[in-house]
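Chain and residue survey
Letter by letter, the chains look like this.
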Amino acid sequence: MKLDSAIFSHLPVDTKAIDIVLEAEAELQDIFQSMEAIEAANQWKVLEAFQSENIAQRHFSPTTGYGYDDIGRDALDRVYAKAFHAEDAFVRPQITSGTQAIYLMLSGLLLPGDTILSVCGAPYDTLREAIGICGDAPGSLKQFGIHYKEIPLTLDGNIDIPEILEQIKLDPSIKMIYAQRSRGYSWRKAISTPELGKAIAAAKRQVPHILFAVDNCYGEFTETIEPTDLGADVMAGSLIKNPGGGIAPTGGYIVGKHDAIERIGHRFTVPGMGREVGSYAASYTPFFQGLFLAPHVTVQSLKSAALFARVFEKVGIKSLPGSEEARSDIIQSLQFKTKEALIAFCKNIQKAAPIDSFIDPEPWEMPGYQHQVIMAAGAFVQGSSIELSADAPIREPYIAYVQGSLTFSHGRIGAIMALDALIKSGEIA
Ligand SMILES: *Cc1c(COP(=O)(O)O)cnc(C)c1O
């Protein structure tokens, strides 16, 4: 069914933009239904995790100081473990970002002389200095004697399994295979969970004790299974993306095998203390509530992403994935023809935001990134990208990465406003 465009007559835009967006939406009804089926499956998975851990009001009490016997903290770990079908989990507001969660996963499990084999090409920009692939950041894995090797994705964007098998046969120092599910700042599709599963199974058949670690940022709840369902030893992500449901104010998580999570806990606090310490005076309520909402909010984002793809396909912009393609992350890549169009697009996403809509974002140098980046992020939680946001490194080809929206209604308004601005500027026909 197509919405009546009169509903949007109050928007300060041309009717042409409204018509294109509503037509795109009407064409996507079957796709939306399959996304809602994913939400239904994941909502049960999360609810079951809460119920089996008997989550109660007492888990919401704030704690202070060392946080001995912090039952909210420990229960949150157990709920995450259950929701991701993992043996154990480490979830903390004190993990400052997804990058730190991933860095902890690596630094907690690798020792001097070990090698990490990255199998989706170079890792996400902010991890390159942390690993020591570039720059000379103090305390990088490289400075601790941990080596790095990488295998690019195949030309059709898949993991090169034969090459992994070859490398782990030749080099016994490879202790960890590292895969990045989402695309980062590159023009490629996300790696689906079944595809990750194939790589995990093949690698473990050959070297059973090899660790398989996944950067799961942006992937959570976009499919009905997760990498941990298919044998990943550990995976990590950010709480201001999918699993925080737009409610968690900060934080990161790592889930996986019990021994691995224990080691990471000792790396995070103090060797010998591990996960026994750590308090949070602001209460863990938003982390529980955010996880509960995450399957729904993630699917709101997926629907918005498909809408952005369809709308801009209609006006001749290249999209990845295409509006009807399967998804394994919440990102929509749009490839604009000019730098001006790219910047105008991001500026108008900002204009559609509930917070800081009056701010005009400009490209700038950001810590951890190698290019100037423009970020449209008018979010309740600073930098949250489960909220409607768009960012783009200023380099060719001119790709905007759009993601999030707590509600599909908001995503739709964003699409209308961004399209309208581009039509008016003459950037697209
Ligand atoms: C966002 C992201 C990260 C890093 O997360 P931050 O919270 O921004 O530090 C790592 N990997 C991927 C694929 C991401 O999308």
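It is worth spelling out the packing of aromatic side chains at this point. Evaluation of the coordinates by the stated rule reveals 20 aromatic pairs. Measuring from centroid to centroid gives 5.9 Å for Y80 and F84, while their planes differ by 40°, and the two rings are tilted. The two residues Y80 and F84 agree in class, both being buried. With a centroid separation of 5.2 Å and an interplanar angle of 75°, the aromatic rings of Y185 and Y401 are classed as edge-to-face. Separated by 216 residues along the polypeptide, Y185 in the loop between β4 (174–180) and α7 (193–206) and Y401 in strand β13 (residues 398–403) bring together distant segments of the chain. Each member of the pair, Y185 together with Y401, is buried. Members of the aromatic cluster, each reached through a chain of ring pairs, are F50, F60, F288 and F292. Looking at K241, its charged tip hangs above the ring of Y218, at a distance of 4.0 Å from the centre. Directly above the aromatic system of F32 lies the positively charged group of K303, at a separation of 5.2 Å from the ring centroid.

Among the secondary structure elements, D171 is positioned in the loop between α6 (161–170) and β4. Polar side-chain contacts of D171 include one of 2.6 Å to the side chain of K149. Once residues lying within four places of it in the same chain are set aside, the contact partners of D171 are T115 and K149.

Taken together, the neighbourhood of the ligand is formed by S97, G98, T99, I102, Y124, Q180, S182, D215, C217, Y218, S238 and K241. Here an oxygen atom of the ligand sits 3.0 Å away from a polar atom, N or O, in the side chain of K241. Summarising the interface, the protein chains cover 90% of the accessible area of the ligand, which totals 370 Å² for the free molecule. A per-element tally of the shell around the ligand places helix α4 (residues 98–109) first, with three residues. Grouping the amino acids of the shell around the ligand by side-chain chemistry returns four nonpolar, six polar and two charged.

Attention shifts here to unusual backbone geometry. Cis geometry is adopted by the peptide bond preceding P321, which originates at L320 and carries an omega value of -5°. Along the chain, P321 falls in the loop between β8 (318–320) and β9 (332–336). The omega torsion of the bond from E396 to P397 falls at -15°, within 30 degrees of zero and hence cis. Even without being glycine, D69 reaches a positive phi, approximately 55°. Positionally, D69 belongs in the loop between α2 (29–52) and α3 (71–83). The exposed category is assigned to D69, whose relative accessible area is 70%. Residue S405 is not a glycine yet carries a positive backbone phi of 130°. Note that S405 resides in the loop between β13 and α11 (408–424).

To continue, consider the sheet that holds strand β5 (residues 211–215). Ordered by their spatial adjacency, seven strands build an open sheet running β1-β7-β6-β5-β4-β2-β3, and the pairing between neighbours is mixed. Unpaired on one side and paired on the other, β1 (88–92) and β3 (147–150) mark the two borders of the sheet. With direction set aside, neighbouring strand axes in the sheet form an average angle of 20°. With five bridges connecting them, strand β6 (residues 234–238) and strand β7 (residues 252–256) associate as antiparallel partners. Within the sheet, the bridge partner assigned to V234 lies in β7 and is G256. Sitting on the sheet, α4 touches β2 (115–118), β4, β5, β6 and β7, and the angle it makes with β6 is about 155°. Here α6 sits on the sheet and contacts β2, β3 and β4; the angle it forms with β4, its principal contact strand, is near 160°.

Take the pattern of salt bridges next. Within the structure shown, the criterion is met by 25 salt bridges. Taking the shortest distance from any N to any O, the salt bridge between E27 and R310 comes out at 2.8 Å. Remark: R310 occurs in helix α9 (residues 285–314) and E27 occurs in helix α1 (residues 15–27); sequence separation between them is 283 residues. Overall, E27 belongs to the partly exposed group, its relative accessible area being 35%. Residue classification places R310 among the buried positions, given a relative accessible area of 15%.

What counts, and where the lines are drawn
Residues numbered from 1 in each chain as written. Predicted model: local features only at pLDDT ≥ 70, side-chain atom pairs only at ≥ 80, totals over all residues. Heavy atoms only, no water. Phe/Tyr/Trp six-rings, centres within 6.5 Å; stacked < 30°, edge-to-face > 60°. Buried < 20%, exposed > 50% of the residue type's maximum accessible area, 1.4 Å probe, protein only. Helix = DSSP H or I, 4+ residues; strand = E, 2+ residues; numbered from the N terminus. Lys NZ or Arg CZ within 6 Å of the ring centre and 35° of its normal. Polar contact = N/O pair within 3.5 Å; in protein donor to acceptor, adjacent residues only side chain to side chain. Contact = heavy atoms within 4.5 Å. Near = heavy atom within 4 Å. Areas by Shrake-Rupley, 256 points an atom, 1.4 Å probe, with all protein chains shown as cover. Nonpolar A, V, L, I, M, F, W, Y, C, P; charged D, E, K, R; others polar. Pairing = 2+ DSSP bridges. Axes fitted to C-alpha atoms, helices over the stretch in contact; angles between N-to-C directions. Salt bridge = Lys/Arg side-chain N within 4 Å of Asp/Glu carboxyl O.

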